[in-house]
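# An overview of the molecular structure
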Amino acid sequence: MTTRSTKGLWARLAITCATTALLTACASLGPQLPMASADETNLQSVFPRIRTLASNGDVEFLSSREVARRLQTTLGERPLTVLAISSGGASGAFGAGALVGSTRQGSRPDFTVVTGVSVGALLAPLAFLGAAADSRMTAIFTTGETDGLLQPRLLGAVFGSSIYSSKPLQRLIEHYADDTVIAAVAAEAAKGRLLLVGTTDFATGEPAIWDLGSVALHGGTDAKRLFQTLLLASASVPGMLPPVLVRFRCGGRTREEAHVDGGVTLPFFVAPAPEDLPRSTAGEPQRTLVRVIIDGPLRHTSRRSRANVFSILSRSLSAGLSQVTRAKLESTVDALRAHDISIDYAAIPTSYPLTGAFDFHAGAQRSLFEYAATCAETGRLWVSVRADNSVPVGAGAPVSGEVTCPADDAFIGRLAALAN
């Protein structure tokens, strides 16, 4: 005779088998995403070409060297400052707090070039506008604006292209990247400054870099649509949020591409490429300074995790991103040092109690924002690697309890100590 427990076991097995079969069948469902054309694929290079919107409304693909040449013409003998903001999910509150705190401390330059990937791309337009946009940036991370960003799609997670809907993030982008912000970006782009964001072309699996300043400047009536679409694409983690269709003109015809989170291929990027940045000669003041904000830790300590899909996914993505970002930071420091260019960088110490890569709850966001702002205000944010071999910032006291600032964390500063 079959027992109740045996019946329960068979019922669970039946459900598991049915679910597996359903998911397998669904793998062939859904609309096909656009493929890249041969000429697009052939445009790929070691450093991705920068997609700039020309005055005729067509996208041009410019090399790093050409972009650097144009910057040099605009700047003349003035110094060049570059800010790169990394991917990092919910840890974007760290980058926002770091920028606002730097304004309060008085150490924030008007960056010539601002680049961003994923959540860094969402911050980049406001970072580009400097102190004038600090109130907007503060509001996003301290007033609960990020609550509800992850809205499950229920059956859409099985039959669609993602677990969560992109609508909440799209609404947030539309609210903060509005006509006023886009007009302000256009005004700064007209001065020769660059605002660049990274996405990943889903068809080719290659990174794409977009000049948002040129979109604001030359996009006309479609500027807001393309501007907001590219921000959404850069932050759309595959599987978590659906791919984003990007339509643009190139060579006199309309193209359509599917793009996802730029962090898939680039945790952050410095543009132009280090070898194309202007260098100082002996006895001259520094001509170029690069600053990199890592929205996350460079390593993870051992901790307990719950055995559920969300916790496992969150932990795995965070660990993988930390490893890739650390390798990218090390190679970037080496490349800049080889060309006598200084770099400041900041990351979240392991002593800070992060609650997960996708914890967008108001309390967690506000705490991380205020922590970064405090570190910046007290001069404990940046770890420095100087082209003149000067000694990096040393250790200091914890900012609260056992939590230290980035400049005081031994592991974060290890790279600077080795380089200097």
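Everything numeric in this text was worked out from a predicted model, so none of it was measured.

### So, the state of the cysteines
Counted under the stated rule, the structure contains 1 disulfide. Two residues, cysteine 375 and cysteine 405, share a disulfide whose sulfurs are 2.1 Å apart. Taking the sign of the S-S torsion, about -90° here, the bridge from cysteine 375 to cysteine 405 comes out left-handed. Here cysteine 375 is found in helix H13 (residues 362–377), whereas its partner cysteine 405 is found in the loop between strand E13 (383–385) and helix H14 (410–419), with 30 residues between them in sequence. Just as cysteine 375 is buried, cysteine 405 falls in that class too.

### Re the confidence of the model for the chain
With 76% of its residues at a pLDDT of 70 or more, the chain has an overall mean of 83. Confidence drops under a pLDDT of 50 for residues 38–44, and excluding neighbours within four residues, the segment shows 12 contacts in the predicted structure. Every residue in residues 391–397 is under pLDDT 50, and counting partners more than four places away or in other chains gives 15 contacts.

### Some thoughts on the packing of helix H8 (residues 167–176) against helix H11 (residues 223–234)
When two helices pack together, their arrangement is given by the angle between their axes and by how far apart the axes lie. Following both chains from N to C, one finds H8 and H11 inclined at 135°, their axes separated by 10 Å at the closest point. Classified by the angle between their axes, H8 and H11 sit oblique to one another. You can see that H8 and H11 cross each other, and the crossing is right-handed. Counted together, Leu169, Gln170, Ile173 and Glu174 of H8 and Gln228, Leu231 and Leu232 of H11 form the full contact between these two elements. For the contact of H8 with H11, the residue count by class is 4 nonpolar, 2 polar and 1 charged.

### Quick notes on the side chain of arginine 51
Locating arginine 51 in the fold gives a position in strand E1 (residues 50–53). Classification of arginine 51 by relative accessible area gives buried; the value is 5%. When residues no more than four places from it in sequence are discounted, the contact partners of arginine 51 are Val59, Glu60, Phe61, Asp201, Ala208, Ile209, Trp210, Asp211, Phe248, Glu257 and His259.

### Thoughts on the pattern of salt bridges
Here the structure, examined in full by the defined rule, presents 16 salt bridges. As a salt-bridge pair, glutamate 257 and arginine 51 come within 2.8 Å of each other at their nearest N and O atoms. Here glutamate 257 is found in strand E10 (residues 253–261), whereas its partner arginine 51 is found in strand E1, with 206 residues between them in sequence. Both residues of the pair, glutamate 257 and arginine 51, belong to the buried class. Measuring nitrogen to oxygen at the nearest pair gives 2.7 Å for the salt bridge that ties glutamate 66 to arginine 69. Of this pair, glutamate 66 and arginine 69 are both found in helix H3 (residues 64–75), 3 residues apart, which corresponds to roughly one turn of the helix. One network of salt bridges, in which partners are shared, links Glu66, Arg69 and Arg70.

### Observations regarding the pairing of strand E4 (residues 113–117)
Of all 5 residues making up E4, 5 are buried, and the element is well covered by its neighbours. Here E4 shows a buried face lined by Val113, Thr115 and Val117 and a second buried face lined by Val114 and Gly116. Here 4 bridges tie strand E3 (residues 80–85) to E4, and the two strands are oriented parallel to one another. Residue valine 82 lies in a different strand from E4, and its bridge partner there is valine 113. After leaving E3, the chain enters helix H4 (residues 92–105) and then returns to the sheet as E4, a path that is right-handed. Bridge count between E4 and strand E7 (residues 194–201): 5 bridges; the pairing is parallel.

### Let's talk about the pairing of E3
The element E3 is extensively covered by neighbouring structure, given that 6 of its 6 residues are classed as buried. Side-chain alternation along E3 places Leu80, Val82 and Ala84 on one buried face and Thr81, Leu83 and Ile85 on a second face that is also buried.

### With respect to the side chain of aspartate 276
You can see aspartate 276 is positioned in the loop between E10 and strand E11 (288–293). For aspartate 276, a relative accessible area of 18% puts it in the buried group. For aspartate 276, the side chain forms a polar contact with the side chain of serine 64, separated by 2.6 Å. Apart from residues no more than four positions distant in its own chain, aspartate 276 is found in contact with Ser64, Arg65 and Ala68.

### Side note on the packing of aromatic side chains
Throughout the structure, instances matching the rule amount to 3 aromatic pairs. Considering the side-chain rings of tryptophan 210 and phenylalanine 248, the 5.4 Å spacing of their centres and the 80° angle between planes classify their relative orientation as edge-to-face. Pair noted here: tryptophan 210 is in strand E8 (residues 206–211) and phenylalanine 248 is in strand E9 (residues 244–250), with a separation of 38 residues, a long-range link. You'll find tryptophan 210 and phenylalanine 248 in the same group, each marked buried. A centroid spacing of 4.8 Å and a plane angle of 40° characterise the contact between tyrosine 352 and tyrosine 371, whose relative ring orientation is tilted. One end of the pair, tyrosine 352, is in the loop between strand E12 (342–346) and H13; the other, tyrosine 371, is in helix H13, with 19 residues separating them in the sequence. By relative accessible area, which is 13% here, tyrosine 352 ends up buried.

### Notes on the nonpolar core
Core analysis: the largest hydrophobic core is formed by 74 residues, its most contacted members being Phe94 and Phe227. When sequence neighbours within four positions are dropped, the list of residues in contact with phenylalanine 94 reads Ile293, Ile294, Asp295, Ala346, Ala347, Ile348, Leu368, Tyr371, Ala372, Leu381 and Pro406. Core analysis: the second largest hydrophobic core is formed by 36 residues, Leu75, Val117, Phe268 and Leu329 among them.

### Regarding H4
Here H4 is 14 residues long and its end C-alpha atoms lie 20 Å apart, about the 20 Å a rise of 1.5 Å per residue gives. Most of H4 is tucked away: 11 of the 14 residues are buried. Here H4 has its buried residues at Gly92, Ala93, Phe94, Gly95, Ala96, Gly97, Ala98, Leu99, Val100, Gly101 and Ser102. Just downstream of H4, glycine 106 is the residue with a positive phi angle, here 85°.

Conventions adopted
- Residues numbered from 1 in each chain as written.
- Predicted model: local features only at pLDDT ≥ 70, side-chain atom pairs only at ≥ 80, totals over all residues.
- Heavy atoms only, no water.
- Disulfide = S-S within 2.5 Å.
- Helix = DSSP H or I, 4+ residues; strand = E, 2+ residues; numbered from the N terminus.
- Buried < 20%, exposed > 50% of the residue type's maximum accessible area, 1.4 Å probe, protein only.
- pLDDT = per-residue confidence, 0-100.
- Contact = heavy atoms within 4.5 Å.
- Axes fitted to C-alpha atoms, helices over the stretch in contact; angles between N-to-C directions.
- Parallel < 35°, antiparallel > 145°, perpendicular 65-115°, else oblique.
- Left-handed = near helix turned anticlockwise from the far one by under 90°.
- Nonpolar A, V, L, I, M, F, W, Y, C, P; charged D, E, K, R; others polar.
- Salt bridge = Lys/Arg side-chain N within 4 Å of Asp/Glu carboxyl O.
- Pairing = 2+ DSSP bridges.
- Right-handed = clockwise from strand over helix to strand, strands pointing away.
- Polar contact = N/O pair within 3.5 Å; in protein donor to acceptor, adjacent residues only side chain to side chain.
- Phe/Tyr/Trp six-rings, centres within 6.5 Å; stacked < 30°, edge-to-face > 60°.
- Core = buried A, V, L, I, M, F, W, Y, C linked by side-chain atoms within 4.5 Å.
- Expected span 1.5 Å × (residues − 1).

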